[in-house]
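Report on the structure
As a plain string of letters, each chain reads:
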Amino acid sequence: MDIDDVDIDAPPDFTPAEMKRRHRDLLAAAMDQGVNRVLSVGVQRFGSAIQWLTGWPVTREAYVLSEEGRPDCLYVGYFNHVPQATELAAEAEVSWVGPSPVETVLAELSRRGPVSGGRIGVLGPLSVPFHRALVGAGLEVVDLGRAYIRLRQVKSAEELAWLQRGAELSDAGIDALVAGLRSGLTEYDLCDLVERAYVPLGGTTHIHYFGVTSMADPRRANPAQYPSARRVAAGDAVVVELSAAYRGHPGQVLRTFAVETEPTPLYRDLHAVAEAAFAAVRDVLRPGTTVAEIQAAAGVIEDAGFTTVDDLVHGFGGGYLPPVIGSKSRDHAPAGDDRVRAGMTVVVQPNVATTDHTAGVQFGELVHIDDDGARSLHRAPGGLLKVP
């Protein structure tokens, strides 16, 4: 795809009203747990609450103190990151966390006075020494992770627009594979191929996983998380799981390619079942749908004598979120009694595989659920794609 053929207009920044809503909703959820002050933690680009609350993607580390009647207070690791954090976190008070984050946060808590009941809510990867310091200061630490996840499951209109942009960038990567995938390329080349499609458009890589194997003698049923120097050959199947992101908001699209030959009967059958399972699951997704109903809709997989390796459905956008559901035949932790809610975005991705896990395909994408059902955020070509 040529960059001149792509709409590169990005969604506007989140409005002040949207950021205030997040602050308000988090504190309301915290009050339900009996706390009125929340510490959010992010380390080494991990900790989604920081960006959700302030707009700052975590670099080395970051901390946010949230409290009713005050703007969020963002402490940033690395002094030279403060200027851009100040630009991006326009609704927060931004400062350097200093050489000792524990001392900085405890000093601010002391300055603010007692917290409700001596309890503080915490989100993110709090270290053991930090936890001990909070407890040593007389605070009871309350885990707000479950409440936060429930907030993130439902997307606002503004969040959905950013996820739509992530889906468009991910689709650009699939288009690049349609145009450029050929025998002789290494798996490293495939990574380069998709990144060249969306990076010039402002996209970043969330994941790009590739599974490359011979259709005549298959040895891989699902995408690999790390690429190799293996070269694509005529007669191979290439399975891709691709998520390009717009400022931390990714799409996710999964496709299977047959390289320079017609797919074998096995791969045609696998993909036909994957498409049928995708359609059946998509068609039952609406507010109130249960895990059992989703698994029953995907029963075409087991009826055809196949199984799955990857998750069948998972929440996405703001993390890998519930519900996380496997097909009936897959060894999978119980998904609980989660029900689909209006406003969720989920990935439907049947990774239909042989029972010995030697051959498999993947077909799916990110969808948004409203009162009328599920709507895809993607426009990438469907079907089992043959290249060139």
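Everything below is about the structure printed above this text.
Right, let's walk through the structure included here.

Attention now goes to the packing of helix α7 (residues 157-180) against helix α8 (residues 187-198). Each pair of packed helices can be described by the angle between their axes along with the distance between the axes. Relative orientation of the contacting elements α7 and α8 amounts to 130°, with a least axis distance of 8 Å. As far as their axial angle goes, α8 and α7 are oblique. Helix-helix and strand crossings are classified by hand; for α7 and α8 the assignment is right-handed. In this structure, α7 contributes Leu169, Ala172, Gly173, Ala176, Leu177 and Gly180 to the contact, and α8 contributes Leu190, Leu193, Val194, Ala197 and Tyr198. When its residues are assigned to classes, the contact of α7 with α8 shows nine nonpolar, two polar and no charged.

A cis amide bond links Pro322 with the next residue in sequence, Pro323, at an omega value of 0°. Structurally, the position occupied by Pro323 is in strand β13 (residues 320-325). Omega for the peptide link from Val387 to Pro388 comes to -10°, which places this bond in the cis form. The topology assignment puts Pro388 in the segment after β18 (385-387). Phi angles above zero are rare outside glycine, and Arg45 is one such case at about 65°. In this structure, Arg45 sits in the loop between β1 (37-43) and α2 (48-54).

Time to look at the side chain of Ser66. Within the secondary structure, Ser66 sits in strand β2 (residues 61-67). In this structure the side chain of Ser66 is engaged in a polar contact, spanning 2.7 Å, whose partner is the side chain of Asp72. When near neighbours in sequence (up to four residues on either side) are disregarded, Ser66 contacts His23, Leu26, Leu27, Asn36, Arg37, Val38, Leu53 and Asp72.

On to the sheet that holds β2. Across the sheet, which stays open at both edges, the six strands sit in the order β4-β3-β2-β1-β5-β6 with mixed pairing between neighbours. Of all strands in the sheet, those with a lone pairing partner are β4 (93-96) and β6 (140-143), marking the two edges. Between one strand axis and the next, the sheet turns through 25° on average, direction left out of account. Contacting β1, β2 and β5 (119-123), helix α1 (residues 16-32) crosses the sheet at an angle of about 75° to β2.

To continue, consider the pairing of strand β10 (residues 253-259). Counted residue by residue, β10 has seven buried out of seven residues, so it is predominantly covered. Taking every second residue as pointing to the same face, both faces of β10 are buried, with Val253, Arg255, Phe257 and Val259 on one and Leu254, Thr256 and Ala258 on the other. Relative to strand β16 (residues 364-370), β10 runs antiparallel, the two being bridged by two bridges. Bridge assignment links Leu254 to a residue of β16, and that residue is Gly364. Sheet topology note: the β10/β18 ladder contains three bridges and is parallel.

Counted according to the given criterion, the structure contains six aromatic pairs. With a centroid separation of 5.5 Å and 90° between ring planes, the pair formed by Phe79 and Trp96 is classed as edge-to-face. Of this pair, Phe79 sits in the loop between β3 (73-76) and α3 (82-88) while Trp96 is found in strand β4, placing the two residues 17 residues apart along the sequence. Of the residues examined, Phe79 reaches a relative accessible area of 57% and is grouped as exposed. Its relative accessible area of 37% is what places Trp96 among the partly exposed residues. An angle of 75° between the planes, with centres 5.3 Å apart, marks the rings of Phe278 and Phe363 as edge-to-face. Pair noted here: Phe278 is in helix α9 (residues 265-284) and Phe363 is in the loop between β15 (352-353) and β16, with a separation of 85 residues, a long-range link. Site record: aromatic cluster; members linked through ring pairs are Phe14, Trp162 and Tyr246. Above the plane of the ring of Phe14 lies Arg22, whose end atom (NZ or CZ) is 4.2 Å from the centre. Between Arg60 and the ring centre of Tyr78, over which it is positioned, the NZ or CZ distance is 5.1 Å.

Next up on the list: the pattern of salt bridges. This structure, assessed with the given rule, holds 22 salt bridges. Glu67 serves as the salt-bridge partner of Arg37, at 3.1 Å between the closest nitrogen and oxygen. You can see Arg37 sitting in strand β1 and its partner Glu67 sitting in strand β2, a full 30 residues away along the chain. Each member of the pair Arg37 and Glu67 is classed as buried.

Following the sequence through the fold, Ala298 ends up in the loop between α10 (291-297) and α11 (300-303). The residues contacting Ala298, other than those within four sequence positions of it, are Val281 and Leu312.

In this section: the pairing of β1. Across the seven residues that make up β1, a large majority, six, are buried. Note: β1 against β2, seven bridges, orientation antiparallel. Across the sheet, residue Arg37 finds its bridge partner in β2, namely Glu67. Direction of pairing for β1 relative to β5: parallel, over a ladder of three bridges. Across the sheet, residue Val38 finds its bridge partner in β5, namely Gly121.

Moving on: α9. When the terminal C-alpha atoms of α9 are compared, their 29 Å separation across 20 residues agrees well with the 28 Å that a helix rising 1.5 Å per residue should span. Inspection of α9 places Tyr267, Leu270, His271, Val273, Ala274, Ala277, Phe278 and Val281 among the buried residues, and these make up the whole buried set. One side of α9 holds all its buried residues, which, seen down the axis, span an arc of 160°.

About the thresholds
- Residues numbered from 1 in each chain as written.
- Predicted model: local features only at pLDDT ≥ 70, side-chain atom pairs only at ≥ 80, totals over all residues.
- Heavy atoms only, no water.
- Axes fitted to C-alpha atoms, helices over the stretch in contact; angles between N-to-C directions.
- Helix = DSSP H or I, 4+ residues; strand = E, 2+ residues; numbered from the N terminus.
- Parallel < 35°, antiparallel > 145°, perpendicular 65-115°, else oblique.
- Left-handed = near helix turned anticlockwise from the far one by under 90°.
- Contact = heavy atoms within 4.5 Å.
- Nonpolar A, V, L, I, M, F, W, Y, C, P; charged D, E, K, R; others polar.
- Polar contact = N/O pair within 3.5 Å; in protein donor to acceptor, adjacent residues only side chain to side chain.
- Pairing = 2+ DSSP bridges.
- Buried < 20%, exposed > 50% of the residue type's maximum accessible area, 1.4 Å probe, protein only.
- Phe/Tyr/Trp six-rings, centres within 6.5 Å; stacked < 30°, edge-to-face > 60°.
- Lys NZ or Arg CZ within 6 Å of the ring centre and 35° of its normal.
- Salt bridge = Lys/Arg side-chain N within 4 Å of Asp/Glu carboxyl O.
- Expected span 1.5 Å × (residues − 1).
- Arc of directions from axis to C-beta.

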